Amino acid sequence: MAHPVKIIGVVGAGQMGSGISQLAASAGFQVLMMDVDQPAISRGLNSISSSLSRFVRKGAITQEKMDESLGLIRPTTSLEDFQPADFVVEAVAEEESLKKRIFSQMDKIVKPSAILASNTSSISITRLANSTKRPTQVIGMHFMNPPPLMKLVEVVRGMATEDPVFETTKVLAERLGKTVCCSKDYPGFIVNRIIMPMINEAFYALMEGVGTADDIDSGMKLGTNHPMGPLELADFIGLDTCLSIMRVLHQGLGDTKYRPCPLLVRYVDAGWLGKKTGRGVYQHD
């Protein structure tokens, strides 16, 4: 039987965390949105506000609906405020040690019945669950970027995740207007297990001079009907995130086909991380 969810906590107010907070508030849930300091919270709230404003301009929602949604979000810089949450989604950087620390803290703060979910795109849910005393109530809830627009949520069961926790998460994702695909807890899950090696191979093609970045992206866009080429997509995701997922795949599956491309490593070493830094494979304004 699914657990009732009324209050949702979101750890992280960055691109993913603010998008998940926006979705939850738009669906009528009370939302606690936490980040480390006030500037991070302000950036998150501004991002939500401008996203909802675009929906208003397009006629998808009313100004009243926007105001109502914003009114349901309570920002905080303290995890202690998550005590009343029924369901918590962690959406911080893709670093296992950081995520484990947050899960361990949340486990001590939120009520015993609360479900702890991670928006991780590749890290083992079983290992994250092991940093808590409630591994049966830990699950992966991987939103695609940007959460308000992308239709999919990948739900990932850890080794110990119980059926009611899975059902609650699936029902919640559907209430947020998403379609669910279910993955077992293997490195990269479904989506990144398939898309990241393609991005990595595009970097090999670029490194070996098979084609220019434009040629590679045009070939994949027009030749396979992808909305974005793999190098353009990598810049959008963040090259550091792509590299960290490739390392998880390489380490977790042990196959040389997942070895990160040296050119991808060089871009990240140079701090050319894509759209977020203004420079990746391409220059961004």
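An unreviewed UniProt entry lists the chain under the name 3-hydroxybutyryl-CoA dehydrogenase, with Ceratopteris richardii as the source organism.

Moving on, we get to unusual backbone geometry. A cis amide bond links Asn-145 with the next residue in sequence, Pro-146, at an omega value of 0 degrees. Tracing the backbone through its elements, the reader meets Pro-146 in the loop between strand 6 (138-143) and strand 7 (152-157). Positioned with a positive phi, Phe-189 is a non-glycine residue whose angle comes to about 55 degrees. Summarising the element assignment, Phe-189 is placed in the loop between strand 8 (179-184) and helix 7 (191-207). For Asn-225, which is not glycine, the phi torsion reads 60 degrees and is therefore positive. If you trace the backbone, Asn-225 turns up in the loop between helix 8 (213-224) and helix 9 (230-237).

Turning next to the nonpolar core. The nonpolar side chains of a soluble globular protein tend to be buried with one another. Residues Ile-8, Phe-29, Phe-87, Ile-139, Met-141, Phe-143 and Leu-172 are the most contacted members of the largest nonpolar core, which totals 33 residues. Examining the composition of this core, we find that five residues originate from one element, helix 1 (residues 15-26), more than from any other.

Two side chains carrying opposite charge are able to pair once their charged atoms lie near each other. Using the criterion set out here, one finds 12 salt bridges in the structure. Here Asp-81 makes a salt bridge to Arg-74, at a shortest N to O gap of 3.7 Å. By relative accessible area, Asp-81 is classed as partly exposed at 26%. Accessibility expressed as a relative area gives 42% for Arg-74, which makes it partly exposed. Linking Lys-276 and Asp-240 is a salt bridge whose minimum nitrogen-to-oxygen distance equals 2.8 Å. Here Lys-276 is found in the segment after helix 11 (262-269), whereas its partner Asp-240 is found in helix 10 (residues 239-253), with 36 residues between them in sequence.

Taken as a whole, this structure holds two aromatic pairs when the rule is applied. Between Phe-203 and Tyr-267, the aromatic rings sit 5.9 Å apart at their centres with planes inclined by 70 degrees, giving edge-to-face as the arrangement. Residue Phe-203 is found in helix 7, and its partner Tyr-267 is found in helix 11; the two are separated by 64 residues along the sequence. Following the ring pairs from residue to residue traces out a cluster consisting of Phe-203, Tyr-267 and Trp-272.

Cut-offs applied
Each residue is numbered by its place in its chain's sequence as written, counting from 1. In view of the model being predicted, local features appear only for residues whose pLDDT reaches at least 70, and side-chain atom pairs are presented and counted only at 80 or more, with totals across whole chains, interfaces and linings using the full set of residues. Here the side-chain values reflect all heavy atoms present in the structure, with hydrogen atoms and water set aside. In this description a helix means any DSSP run of H or I spanning at least four residues, a strand means any run of E spanning at least two, and both kinds are numbered starting from the N terminus. Nonpolar cores are built from buried Ala, Val, Leu, Ile, Met, Phe, Trp, Tyr and Cys residues. Side-chain atoms within 4.5 Å join them into one set. Burial classes follow relative accessibility: with a 1.4 Å probe on protein chains only, a residue under 20% of its type's maximum area counts as buried, one over 50% as exposed, and anything between as partly exposed. Take a side-chain nitrogen of Lys or Arg and a carboxyl oxygen of Asp or Glu: if they are within 4 Å of each other, that pair is a salt bridge. Only the six-membered ring of Trp is used, alongside the rings of Phe and Tyr, when aromatic pairs are assigned; centres must lie within 6.5 Å, and planes under 30 degrees apart are stacked while those over 60 apart are edge-to-face, with the rest tilted.

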